[in-house]
Amino acid sequence: MKINPWCAVVMGGLAACPALAEPYIKASAGVNQSRVEDLTFINPVGATVTSNPVDGDKILLSNVKSSTTRSVWGLGLGYRFKKLPFRTELRFDARDTVEASGYATFFGSDVSQRLRIESTALMGYLFYDATLYGPHQVFVGAGAGVSRNQSSGTQGENLGLSNTFPAQTKNDLAYGVSLGYAYKLDSAITLDVEYSYVDLGKASTGATSDPAPAGMSPGEQLTGKLAVQELRFGVRWSFGGLR
């Protein structure tokens, strides 16, 4: 039997690949509730004069707003095992920019600090599918991969200032769990709705240089950890095994 190259890569070159599993592609979109945890303002100079609580060079911000509702979309390439209730999926997800903000007080003035994060992720998932009856299924899954978090930040917008933190991109470990419901329209098309929790790792702006930009001091930086809860709707197109 001629071995399909796709099978050789994914299944380790098993000649019986088409008989064991079938590939599919998936497109999905939805909304998420994003949360930036541990929003931190690092300011070695400002930590000595702020009236906020401090932890070394870190200023603990007040009136923190860390949750935003944004959209998400994804494209996936998967493989459903025919004789087992499992499937694997390699998924690329992109999410709208999320924001988190808080205030640091210097000499009686509250100065806003705003962190913006644009995150994408490439993750591999393993799903377990359980058929309820007929075309109705439920599924659970878990996955891990790498996130790419592009961060930028501004300072003092509430005071009409235009102080800007250096932009920075950080790659980190991403992992998540999901559960959902699927309806099989026919042998090729399946619709699903999926809830997921995904931890996208750390994000941070760059640190200001020495000498620092006007209105800022050296070493200022915003950091946080990004996690999302998502509800998305998806369509899977199965190809019934490549030959």
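Everything that follows concerns the structure shown earlier in this document.
> Looking at this structure, how should I read a nonpolar patch on the surface?
A surface patch of nonpolar side chains, about 920 Å² in accessible area, is lined by Val31, Leu84, Phe86, Leu126, Tyr128, Val140, Leu179, Tyr195, Leu231 and Phe233. Put simply, the parts of the chain that give the nonpolar patch at least two residues each are strand E8 (109-133) and strand E12 (221-238). Mapping Leu126 onto the fold places it in strand E8.

> In this structure, what is going on with unusual backbone geometry? I would like to understand it.
Leaving glycine out, the prevailing phi sign among residues is negative, and the prevailing peptide bond configuration is trans. For the peptide bond that leads from Asp210 to Pro211, omega is 5°, which places it in the cis range. Even without a glycine there, the phi angle at Asn63 is positive, about 50°. Relative to the elements of secondary structure, Asn63 occurs in strand E4 (residues 62-65). In this structure Asn63 comes out as exposed when scored by relative accessible area, which is 58%. Even without glycine at this site, Phe107 takes up a positive phi of about 55°. Mapping Phe107 onto the fold places it in the loop between strand E7 (98-106) and E8.

> Help me understand the packing of aromatic side chains in this model?
Given two aromatic rings, their pairing is described by the distance between the two centres and the angle made by the two planes. The final tally for this structure, using the stated rule, is 5 aromatic pairs. Ring geometry for Tyr125 versus Phe127: centroids 5.5 Å apart, planes at 15°, classification stacked. Ring pairing ties together the aromatic residues Tyr125, Phe127 and Phe139, which thus form one cluster. One cation-aromatic arrangement involves Arg87 over Phe127; the distance from NZ or CZ to the ring centre is 4.2 Å.

> How should the pattern of salt bridges be read in this particular structure?
Pairing is possible between side chains that carry opposite charge, provided their charged atoms lie close to one another. For the coordinates displayed, the defined rule picks out 17 salt bridges. Ionic pairing is found between Glu89 and Arg91, a salt bridge with its closest N-O pair at 3.0 Å. Owing to a relative accessible area of 3%, Glu89 belongs among the buried residues under this scheme. The residue Glu99 makes a salt bridge to Arg114 at a minimum N-O spacing of 3.1 Å. Remark: Arg114 occurs in strand E8 and Glu99 occurs in strand E7; sequence separation between them is 15 residues. Among the charged side chains, a salt-bridge network with shared partners connects Lys26, Arg87, Glu89, Arg91, Asp129, Asp192, Glu194 and Arg236.

Cut-off values and rules
- Residues numbered from 1 in each chain as written.
- Predicted model: local features only at pLDDT ≥ 70, side-chain atom pairs only at ≥ 80, totals over all residues.
- Heavy atoms only, no water.
- Patch = residues over 30% accessible without salt bridge, like charges linked within 9 Å, V, L, I, M, F, W, Y side chains within 5 Å.
- Areas by Shrake-Rupley, 256 points an atom, 1.4 Å probe, with all protein chains shown as cover.
- Salt bridge = Lys/Arg side-chain N within 4 Å of Asp/Glu carboxyl O.
- Helix = DSSP H or I, 4+ residues; strand = E, 2+ residues; numbered from the N terminus.
- Buried < 20%, exposed > 50% of the residue type's maximum accessible area, 1.4 Å probe, protein only.
- Phe/Tyr/Trp six-rings, centres within 6.5 Å; stacked < 30°, edge-to-face > 60°.
- Lys NZ or Arg CZ within 6 Å of the ring centre and 35° of its normal.

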